[in-house]
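What follows is each chain in one-letter form.
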Amino acid sequence: MVTNDDKHAATKRLLKRAFTKPTVDEVDWENASDPKRYNCFGFAIGILKWWQPYNRDRNGTILNPHDCWSRELPSNNSVDAFVKAAELHGFQICEKGWEPEFEKIVLFFAADATERSFTHAARQVSPSRWKSKLGKESDIEHDEGISCTHYGDGRIYMKRQRI
Amino acid sequence: MATNFDNLKTKVAMTALGGVLGQGLPPRGFEQSSTAVGISATSQWSPSVGVIGSETRIAHEALSGVRTLNSGCYLTAIVEGANHVFASTREKFEALAQSWEDYNLGRSVIDYHDFAMQQIIGMGADVVPFLIERLAAGQSDWVYALKSITGQEADTPDMLGDEDRVVSAWIEWGRRDGDKRRQARSY
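Everything quoted here is computed from the prediction, not taken from an experiment.

Enquirer: I would appreciate a short explanation of the packing of aromatic side chains in the present structure.
Expert: Counted according to the given criterion, the structure contains 16 aromatic pairs over all chains. Ring geometry for F41 of chain A against W51 of chain A: centres 5.6 Å apart, planes inclined by 65°, an arrangement best described as edge-to-face. With F41 of chain A in helix 2 (residues 40-45) and W51 of chain A in the loop between helix 2 and helix 3 (79-88), this residue pair connects regions lying ten residues apart in the sequence. On the basis of relative accessible area, W51 of chain A is assigned to the buried category, the value being 5%. With a centroid separation of 5.8 Å and 55° between ring planes, the pair formed by F93 of chain B and W142 of chain B is classed as tilted. Of this pair, F93 of chain B sits in helix 3 (residues 89-104) while W142 of chain B sits in the loop between helix 5 (128-136) and helix 6 (143-150), placing them 49 residues apart in sequence. Between R123 of chain A and the ring centre of F43 of chain A, over which it is positioned, the NZ or CZ distance is 4.2 Å. Just above the ring of F102 of chain A sits the side chain of K159 of chain A; from NZ or CZ to the centre is 4.1 Å.

Enquirer: Just to check I follow, could you spell out the interface of chain B and chain A for this structure?
Expert: How big an interface is tends to be reported as the loss of accessible area on association of its parts. Listed per partner, the contact involves 24 residues of chain B and 33 residues of chain A. Across the chain B/chain A interface, buried area totals approximately 2,300 Å², and carbon plus sulfur atoms make up 53% of it. Contact with chain A buries surface across chain B, with L105, S108 and L160 of chain B losing the most and accounting together for 29% of the total. Remark: the boundary between chain B and chain A carries five salt bridges. A salt bridge links R17 of chain A to D102 of chain B, with the shortest nitrogen-to-oxygen separation between them at 3.1 Å.

Enquirer: What's the story with the pairing of strand 8 (residues 154-161) of chain A in this structure? I'm lost.
Expert: Regular strands place their side chains on alternate faces of the sheet. All names here are of chain A. As paired elements, strand 2 (residues 92-94) and strand 8 share three bridges and run antiparallel to each other. Bridging across to strand 8, C94 finds its partner in Y157. Sheet topology places strand 3 (residues 102-111) next to strand 8; eight bridges connect them, and they run antiparallel. The residue bridging K104 from the neighbouring strand is K159, located in strand 8.

Enquirer: Sorry if this is basic, but what is going on with the packing of helix 6 of chain B against helix 7 (residues 163-186) of chain B here?
Expert: Packed helix pairs are specified by the crossing angle of their axes together with the interaxial distance, meaning the distance between the axes. All names here are of chain B. Running from amino to carboxyl end, helix 6 crosses helix 7 at an angle of 45°, the nearest separation of the two axes being 11 Å. Classified by the interaxial angle, the pair formed by helix 6 and helix 7 is oblique. In the packing of helix 6 onto helix 7, the handedness of the crossing is left-handed. Here V143, L146, K147 and T150 of helix 6 come into contact with helix 7, specifically with V166, W170 and W173. Here the residues of the contact of helix 6 with helix 7 sort into five nonpolar, one polar and one charged.

Enquirer: Is there a simple way to think about the side chain of K147 of chain B in this case?
Expert: Within the secondary structure layout, K147 of chain B lies in helix 6. Those residues in contact with K147 of chain B that sit more than four places away from it in its chain are T61, I62, L63 and P65 of chain A together with Q152, E153, D155 and W170 of chain B.

Enquirer: How should helix 5 of chain B be read in this particular structure?
Expert: Because the α-helix completes a turn every 3.6 residues, residues three or four places apart line up on one side. By the burial criterion, the buried members of helix 5 of chain B are V128, F130, L131, I132, R134 and L135 of chain B. Positive phi appears at G138 of chain B, one or two residues downstream of helix 5 of chain B, with a value of about 95°.

Enquirer: Where do I start with the nonpolar core in this structure?
Expert: Generally speaking, soluble globular proteins have nonpolar side chains that are buried together. Within the largest apolar cluster, 36 residues are counted, with the highest numbers of intra-cluster contacts made by F93, V127, L131, W142 and W170 of chain B. When residues of this core are traced back to their parent elements, those giving at least two are strand 4 (76-79), helix 3, helix 4 (115-122), helix 5, helix 6 and helix 7 of chain B. If sequence neighbours within four positions are ignored, V127 of chain B has contacts with F93, I120 and I149 of chain B. Counting 25 residues, the second largest nonpolar core, distinct from the first, contains F41, C68, F82 and F91 of chain A.

Enquirer: Just checking my understanding: could you explain unusual backbone geometry for this structure?
Expert: Most peptide bonds take the trans form, and the phi angle of most residues other than glycine is negative. In this structure, the amide linkage connecting K21 of chain A to the following residue, P22 of chain A, adopts the cis form with an omega of -5°. Mapped onto the secondary structure, P22 of chain A falls in the loop between strand 1 (19-21) and helix 2. One non-glycine residue, E80 of chain B, lies in positive phi territory at about 50°. Within the element layout of this structure, E80 of chain B appears in the loop between strand 4 and strand 5 (82-86).

Criteria and cut-off values
- Residues numbered from 1 in each chain as written.
- Chains lettered and ligands numbered in written order.
- Predicted model: local features only at pLDDT ≥ 70, side-chain atom pairs only at ≥ 80, totals over all residues.
- Heavy atoms only, no water.
- Phe/Tyr/Trp six-rings, centres within 6.5 Å; stacked < 30°, edge-to-face > 60°.
- Helix = DSSP H or I, 4+ residues; strand = E, 2+ residues; numbered from the N terminus.
- Buried < 20%, exposed > 50% of the residue type's maximum accessible area, 1.4 Å probe, protein only.
- Lys NZ or Arg CZ within 6 Å of the ring centre and 35° of its normal.
- Contact = heavy atoms within 4.5 Å.
- Buried area = accessible area lost by both parts, 1.4 Å probe.
- Salt bridge = Lys/Arg side-chain N within 4 Å of Asp/Glu carboxyl O.
- Pairing = 2+ DSSP bridges.
- Axes fitted to C-alpha atoms, helices over the stretch in contact; angles between N-to-C directions.
- Parallel < 35°, antiparallel > 145°, perpendicular 65-115°, else oblique.
- Left-handed = near helix turned anticlockwise from the far one by under 90°.
- Nonpolar A, V, L, I, M, F, W, Y, C, P; charged D, E, K, R; others polar.
- Core = buried A, V, L, I, M, F, W, Y, C linked by side-chain atoms within 4.5 Å.

In structure tokens, the structure reads:
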């Protein structure tokens, strides 16, 4: 049930509006985190910041200095830029599937004729379950088959050795 | 308060006319409540609207949209595809901010270029105190608008990617800016 004092109210509203999977009833809300300002990519790689390419003017002035990115990375929202960001933190592209000795993440992207835009990331927590952060809202556990109007159909899997 | 622009043109003209005639009273029916795009409030009569300048200027503003006193900020906005007139810059800002936040709900990469954000930036200095308020409430995204409106860099390159320091720098900048505004008003 959605109530005004429900800390997950916005997340539930989002699920109802834009998701066909998971539904509000399929989420384990007891284990969902409070909404905080880090995004799915930060959650997936374990560095809880809002990872977003810098928005620069033509002279290099950065308009979103509060966001987390690296000057060495491309300043665009392509999934390839996020793949490079994950590579900087030890991840490599791999096949899908559970490998217990590796941390595995998946990057979602929406593709059109000209570009592949990064839309979402999740990390695998068991052979059939994933966790991801929904925008600025809660992070939730779900099946791999997450489906949302924002997130597109593209998937790139990446892994790094567990420490 | 937000209300349909076409409906309010007549009301604005009546308001201006009331001021021109020196009545200082709200035209009958101006205090109606209205609801649009999920934003609801009650219109407030501002007696000062009628004394902002010449009859010609008031008539022009009545026909072309409303501006706040001593400011270049229009009270009109396009929110969720519909035209609206607001009772104050605060209400216009809140409606646009809500629209922008709602649009970005669930997005993993924030869209700073959305038209609602562009309209907020277009409101200029009037909204700087509101933006600082939001920063102080932990909503760091508004640094983008502050930087665009003021053309200043409260943050320094060594703060890049450090959200807490960037936000603190802008809140401190806002405190100093507020002091300057108060001093300017006291002269």
